[in-house]
There are 2 protein chains.
Amino acid sequence: MQAISVGLLGLGTVGSGVVRIIENHQDKLMHQVGCPIKVKKILVQDVEKERSVKVDPSLLTVNPADIMEDPEIEVVIEVMGGIEDTREHLIQALRSKKNIVTANKDLMAVHGSELLTVANENGCDLFFEASVAGGIPILRSLVDGLASDRITKMMGIVNGTTNYILTKMSQEGLAYDSVLKEAQQLGYAEANPASDVEGLDAARKMAIMASLGFSMKIDLDDVKFKGITTVTEEDLQYGKQLGYTMKLLGIAVLDGDKVEVCVEPALLPSTHPLASVNNEYNAVYVYGEAVGETMFYGPGAGSLPTATAVVSDLVGVVKNMRLGVNGSSFVTPQYEKQLKDDGEVNSKHFLRLHVHDEVGVFSKITSLFASHNVSFEKILQMPLKEKELAEIVVVTHQASLKDYQDILMELRDLKFVKDVKSSYRVEGSVGA
Amino acid sequence: MQAISVGLLGLGTVGSGVVRIIENHQDKLMHQVGCPIKVKKILVQDVEKERSVKVDPSLLTVNPADIMEDPEIEVVIEVMGGIEDTREHLIQALRSKKNIVTANKDLMAVHGSELLTVANENGCDLFFEASVAGGIPILRSLVDGLASDRITKMMGIVNGTTNYILTKMSQEGLAYDSVLKEAQQLGYAEANPASDVEGLDAARKMAIMASLGFSMKIDLDDVKFKGITTVTEEDLQYGKQLGYTMKLLGIAVLDGDKVEVCVEPALLPSTHPLASVNNEYNAVYVYGEAVGETMFYGPGAGSLPTATAVVSDLVGVVKNMRLGVNGSSFVTPQYEKQLKDDGEVNSKHFLRLHVHDEVGVFSKITSLFASHNVSFEKILQMPLKEKELAEIVVVTHQASLKDYQDILMELRDLKFVKDVKSSYRVEGSVGA
C-alpha cells in the first residue's frame, strides 16, 4: 500500500513532536489508516540549525514551493505559527487540493471562517483540534459527541500560563509580579507574556470554541477580554473567604438566539469542577440542555500533547482520504450570530470597596444597589488598618451588566467611597 | 431528501428520551446529516401501557419482525436491555444490513466482540457510546482523540450509584446501609442494587473501555471486581486523615504488552482530579504516553444524557450512511491480550489492623513486610477504646499484589494480630 506523504510547515517543539510521533507510532498509525504515513518535506527557516529531533537533512527546505507544488504531498501540517504569511501558504495548499491540519489558534481565530470556506470549496479537510487546549479533544467532542444536544454554556480554563500564575498566587499568597517572574524562569510564561496574561490567547480559543459549540461565526472581535495583570492577592484571599476560587475564565453563553463570549478573571464556587483545575492544566466545562454538566480536562499546551492532537487530526484526515470523503467533516455555521448587549448579559458580581467608616454608609450603598434592583447574596465588612476606613466586599445576586456598570459609576461619585478596589464576575451557579 | 427510518427497540426512560430528542432537534439533526430522521417503528412489551412520551400508537408493535423485516428501516436503536434475546435481535438486524446503535453495556461486555465481527462482515456500523458513562463521549475520545498516542492507564468512576453512596458516607460520616437506603428512596439506587454495589456494572464498562483503549479483546471474565458493600465509615475517615478519598475505581493498566483490568474500592490522593468527582457524576481519567493526564467528566446515567449519547451515535451512523462508509468506524483489536498475573500487578496498599498492644509488635510487623521487600510510606498507630488493643493503619510503597497477599496471609496467622480490618489499593501517584 502506497504511503501518504505529508508536508510539515515548521520544525519547532511541536513540529519535532509530530515527527517523533509519526516515526514511533508507525505500527499503530498503519493499523488505523491502513497505509504508512511519511513526512516528505519540512519547511524551516534555517536548514543548518541544530535540532532536538534527528531528521534526514534532505527533508528540510526553506522554499514553500517544495511542499505546495509537490503533487505527491496530500496533507500539509502547519505548526509554524504566524498569521498573514501562514494564511497565504494554507490558501495555496488548499487550492492545490491538499488537506490541512493546523495547531495555529491565532490564525484560526482571525481567518478561520475564510480558510474553512476555501477548504470546503476545494473538497479538502481543515482540522484544527490542536489549536484549542492541545491535549483535550474538545473540538471533536463539541462537534460529534454533543451533536444531538443544544449547548447553552461553555466555560474554559484555556490558558495554562495564567492558570499557573493564579494557582500559585492563590495557594502561596504571592503577588502577581513575583509569580510571573518565577513562571518565566520555569518556562511556563514567555519573556513577553502579554498575549497570555492579557487574555488574548484565551479569547482566540473561545472564539474558535464558541463558533463550533453554538454553530455560529464568532470572530475574535466578538470576544470581550480582560487579563489577570491587575488581580491582587487580597482579591484571591477575600474570594476564598467567601468560598470562591479565581480563574481566568473564558465564558460563552447562549440565551435564546443571543450569545455572549468573553474572557475575564472570574470567581467560581470552590466546589465547582473547574475550581480544582490547577497549575498549567486546562479544562473546558460544557453545559448541554440534555446532557447537563460535562467537563474535559487535560494539558493545554506542551509540545507532545499538542503534537498528539495534530497527529490525531492527521489520522482523521487520512481516514477521510481513504474513504474519499474529505471536505465534509466540519459543518458550516447553522445560525446567524446575534450578540447580547450589556443589558442582556447577566451574572453575579464580586465587588470590593474602601469606604470612609461613617454612620449610614452601608445603608446608602444598599439603597443605591436597590434602586437598580440589584440585591446582595453575601456581604463582608471589616475595619481597615488605616483609620476611619472600612473594607466592604459584596457578592450580588444575578444582575445585568448594564445595571451593574451604572452602579459602579454612581459608587465612584459618592463622597464616602474612597476607592473601588476590584470587581469580578462570579460564575458557576448550579446548572450554569 | 428522503427521511432515514429508524426502528427503536424499547420505550423505557432512555427510549422515550431518544424519541423526544429526535422530535425536538429535527432542525439541528437535519443540518448535520442533510436529511430528516424519523422513528418508524418501536418494539414494546405492551402497546396499551401509559407512557410519559406521546407516541402515535400506530408506531408501537410487539413483533420484532415489524422492524427486522422492514427494508425501509436502516438503523436500529437498541435501548430495551437484556442480553441473550437482545443479542439475537441485533444479529438478525445486522444480517439484514441494518446499522445498530446500542446503550446496552451488559450486552456489549458479554457479546461485544461477536457483534462487532458480525457488523463488520455485513458492512454495518455498531455504535455503543451510550453503554459507558452516558453523558461522556469517552469511547469516541479513546478511539479518535487519542488515536496517535499510547494509552497506558485508564481509571474510571463509572458507576453513579456507588459514587453517590461513597460521597455521602465520606461527607456525612454515615454507614453504608443507611446511605444505600436513602439512595434507594431518592431513586439513585435500584431496589436490587447488587450489580451496582458489587462492582459488576463498573466491570462491564471497564471491559468495554479497556478493549478500545488498549486495542485488545478484553472480556468481562478478564476483569476482577469487588464492590463497596464492606466499606466502613472508619475506612473513609482514616483514609481522609492520611490525605486520601475513597472511590469505586475501575483500573486498567498496560505495562509493556501486559494488561490488568479491575474494579475495586480504592484510595486516591484527595488532590487527584478524580477525587473531587462527587455524587452521581462519573469521570474517566486517561493517561497517554504523549498527552499525559486527561480527564472526562459528566453524568454517567440518566435518561436524557444516555439518550443524547444514543442520538449522537445515530448522527454518526447516518453521516456514514450518506458517505457510504458504514462498517469502517471501529477498528478491530490490534494486539493479542496478555493478562498480568498477581506477581506483575503493582500498587500501593492501605491496610488497617487491630493488634494486641504488646511490646515489639510494631517491629514484628515491620520485619514481616521487610522480609517481602515491602516498605511503608505512611503509618498511623492509635490506642483503641478496648483495652490492650491498638489500631494500626499503614500505606505501603509500591508492592506486587502477590507479595502483598502473602503478607496478609502471614499477618492473619500472627497471634498478636486480632483482626485485619480492611485493605484497599491506593492509586493515583503522579503520572500513574
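Calculation criteria
- Residues numbered from 1 in each chain as written.
- Chains lettered and ligands numbered in written order.
- Predicted model: local features only at pLDDT ≥ 70, side-chain atom pairs only at ≥ 80, totals over all residues.
- Heavy atoms only, no water.
- Helix = DSSP H or I, 4+ residues; strand = E, 2+ residues; numbered from the N terminus.
- Rg over C-alpha atoms; globule rule 2.2 N^0.38 Å.
- Buried < 20%, exposed > 50% of the residue type's maximum accessible area, 1.4 Å probe, protein only.
- Contact = heavy atoms within 4.5 Å.
- Areas by Shrake-Rupley, 256 points an atom, 1.4 Å probe, with all protein chains shown as cover.
- Lys, Arg positive; Asp, Glu negative; His and termini not counted.
- Charge placed at Lys NZ, Arg CZ, Asp CG, Glu CD.
- Least-squares fit on C-alpha atoms with pLDDT ≥ 70 in both.
- Pairing = 2+ DSSP bridges.
- Axes fitted to C-alpha atoms, helices over the stretch in contact; angles between N-to-C directions.
- Left-handed = near helix turned anticlockwise from the far one by under 90°.
- Nonpolar A, V, L, I, M, F, W, Y, C, P; charged D, E, K, R; others polar.
- Arc of directions from axis to C-beta.
- UniProt positions renumbered as here; feature names shortened; annotations may be inferred.
- Domains from an automatic or database assignment.
- Buried area = accessible area lost by both parts, 1.4 Å probe.
- Salt bridge = Lys/Arg side-chain N within 4 Å of Asp/Glu carboxyl O.
- Polar contact = N/O pair within 3.5 Å; in protein donor to acceptor, adjacent residues only side chain to side chain.
- Parallel < 35°, antiparallel > 145°, perpendicular 65-115°, else oblique.

Caption draft 1: Structural context of the overall build of chain A. Check the secondary structure of chain A and you find 14 helices and 17 strands. Taken over the C-alpha trace, chain A has a radius of gyration of 24 Å; the compact-globule value for 432 residues is 22 Å, and the two agree within 12%. Judged by the C-alpha coordinates and their principal axes, chain A covers about 85 × 45 × 35 Å. Looking at chain A as a whole, 59% of its 432 residues qualify as buried. The long-range share in chain A, meaning contacts at least 24 apart out of those at least 6 apart in sequence, stands at 74%. Put simply, chain A shows about 17300 Å² of open surface, and 48% of that area lies on carbon and sulfur atoms. The average position of the 42 basic charges and that of the 59 acidic charges among the side chains of chain A differ by 2 Å.

Caption draft 2: Summary view of the relation of the copies chain A and chain B. Overlay of chain A on chain B (RMSD 0.0 Å): rotation 180°, translation along the axis 0.0 Å. Taken together, the rotation and translation describe the operation of a two-fold axis. Minimal C-alpha distance to the rotation axis in chain A is attained by F296(A), lying at 2.4 Å. When the interface residues of chain A are mapped onto chain B, 100% of them again lie at the interface, so the same face is used by both copies.

Caption draft 3: Molecular detail of the sheet that holds strand β5 (residues 99–102) of chain A. Residues and elements named next belong to chain A. Strand order in this open sheet of six strands is β3-β2-β1-β4-β5-β6, and the pairing throughout is parallel. The sheet terminates laterally at β3 (60–61) and β6 (126–127), the two strands that pair on one side only. Taken together, the two bridges between strand β2 (residues 37–43) and β3 define a ladder with parallel strand orientation. Note that in β3 the partner of L43 across the bridge is T61.

Caption draft 4: Representation of the packing of helix α2 (residues 26–33) of chain B against helix α12 (residues 303–323) of chain B. Residue and element names in this part refer to chain B. Closest axis-to-axis distance for the α2/α12 pair is 10 Å, and the angle between their directions is 35°. The handedness of the crossing between α2 and α12 comes out as right-handed. Facing L29, Q32 and V33 of α2, the residues of α12 in contact are V311, V315, V318, K319 and R322. Its residues placed into classes, the contact of α2 with α12 shows five nonpolar, one polar and two charged.

Caption draft 5: A look at helix α2 (residues 26–33) of chain A. Buried within α2(A) we find K28(A), L29(A), Q32(A) and V33(A). Projection of α2(A) onto a plane perpendicular to its axis shows the buried side chains occupying an angular sector of 110°, all on one side.

Caption draft 6: Region of the structure containing the UniProt feature "binding site: NADP(+)" (unreviewed entry) in chain A. Residues and elements named next belong to chain A. Mapped onto the present numbering, the UniProt feature "binding site: NADP(+)" (unreviewed entry) falls on L9, G10, L11, G12, T13, V14, G15 and S16. Among the secondary structure elements, L9 is positioned in strand β1 (residues 4–9). Its place among the elements puts S16 in helix α1 (residues 13–24).

Caption draft 7: Molecular detail of the domain arrangement of chain A. Residues and elements named next belong to chain A. Here the domain parsing of chain A yields domain 1 (4–132 + 303–323), domain 2 (138–299) and domain 3 (346–426). Computed from C-alpha atoms alone, the centre-to-centre distance between domain 2 and domain 3 is 26 Å. The interface of domain 2 with domain 3 comprises 19 residues on the first partner and 13 residues on the second. In total, about 1400 Å² of surface goes out of reach between domain 2 and domain 3, with carbon and sulfur atoms giving 57% of it. For the domain 2 face of the interface with domain 3, the top three residues by lost area are Y238, L242 and L267, together amounting to 44%. R425 is the salt-bridge partner of E260, the closest N and O atoms lying 2.6 Å from each other.

Caption draft 8: Molecular detail of the environment of E377(B). Residue and element names in this part refer to chain B. Within the element layout of this structure, E377 appears in strand β14 (residues 376–383). For the pair E377 and T396, spaced 19 residues apart in sequence, the C-alpha separation works out to 5.2 Å. In this structure, E377 is in contact with Y244, K348, V395, T396 and H397, ignoring residues within four places of it in sequence. Here K348 takes part through its side chain, which lies 2.6 Å from a polar atom of the side chain of E377.

Caption draft 9: How the structure looks around the interface of chain A and chain B. Each partner contributes residues to the interface: chain A has 45 residues there, and chain B has 45 residues. Here chain A meets chain B over a buried area of about 4000 Å², counting both sides, of which 56% is carbon and sulfur. Broken down residue by residue, the surface that chain A buries against chain B is led by H31(A), S148(A) and Y297(A), which jointly contribute 16%. Connecting chain A to chain B are eight residue pairs in polar contact (both at pLDDT 80 or more). For the side of chain A that touches chain B, the secondary-structure elements that each account for two or more residues are α2, α6 (138–145), β12 (292–299) and α12 (303–323) of chain A. It is α12(A) that provides the largest number of residues to the side of chain A that touches chain B, a total of eight residues. Among the residues forming the side of chain A that touches chain B, the class breakdown is 21 nonpolar, 16 polar and eight charged. Two elements, β12(A) and strand β12 (residues 292–299) of chain B, share three bridges in a ladder whose sense is antiparallel.

Caption draft 10: Geometry of the packing of helix α7 (residues 160–172) of chain B against helix α11 (residues 233–241) of chain B. Residue and element names in this part refer to chain B. Interaxial distance between α7 and α11 falls to 9 Å at its minimum, and their mutual angle equals 70°. In this view, α7 runs roughly perpendicular relative to α11, as classed from their interaxial angle. Two packed elements cross with a definite hand, and for α7 against α11 that hand is right-handed. Here L166, M169, S170 and Q171 of α7 come into contact with α11, specifically with E233, L236, Q237 and K240. Here the residues of the contact of α7 with α11 are counted per class, giving three nonpolar, three polar and two charged.

Caption draft 11: Unusual backbone geometry, seen in detail. For S215(A), which is not a glycine, the phi torsion comes out positive at approximately 55°. Within the secondary structure, S215(A) is located in the loop between α10 (200–214) and β8 (224–225). Although it is not a glycine, N373(B) adopts a positive phi angle of roughly 65°.

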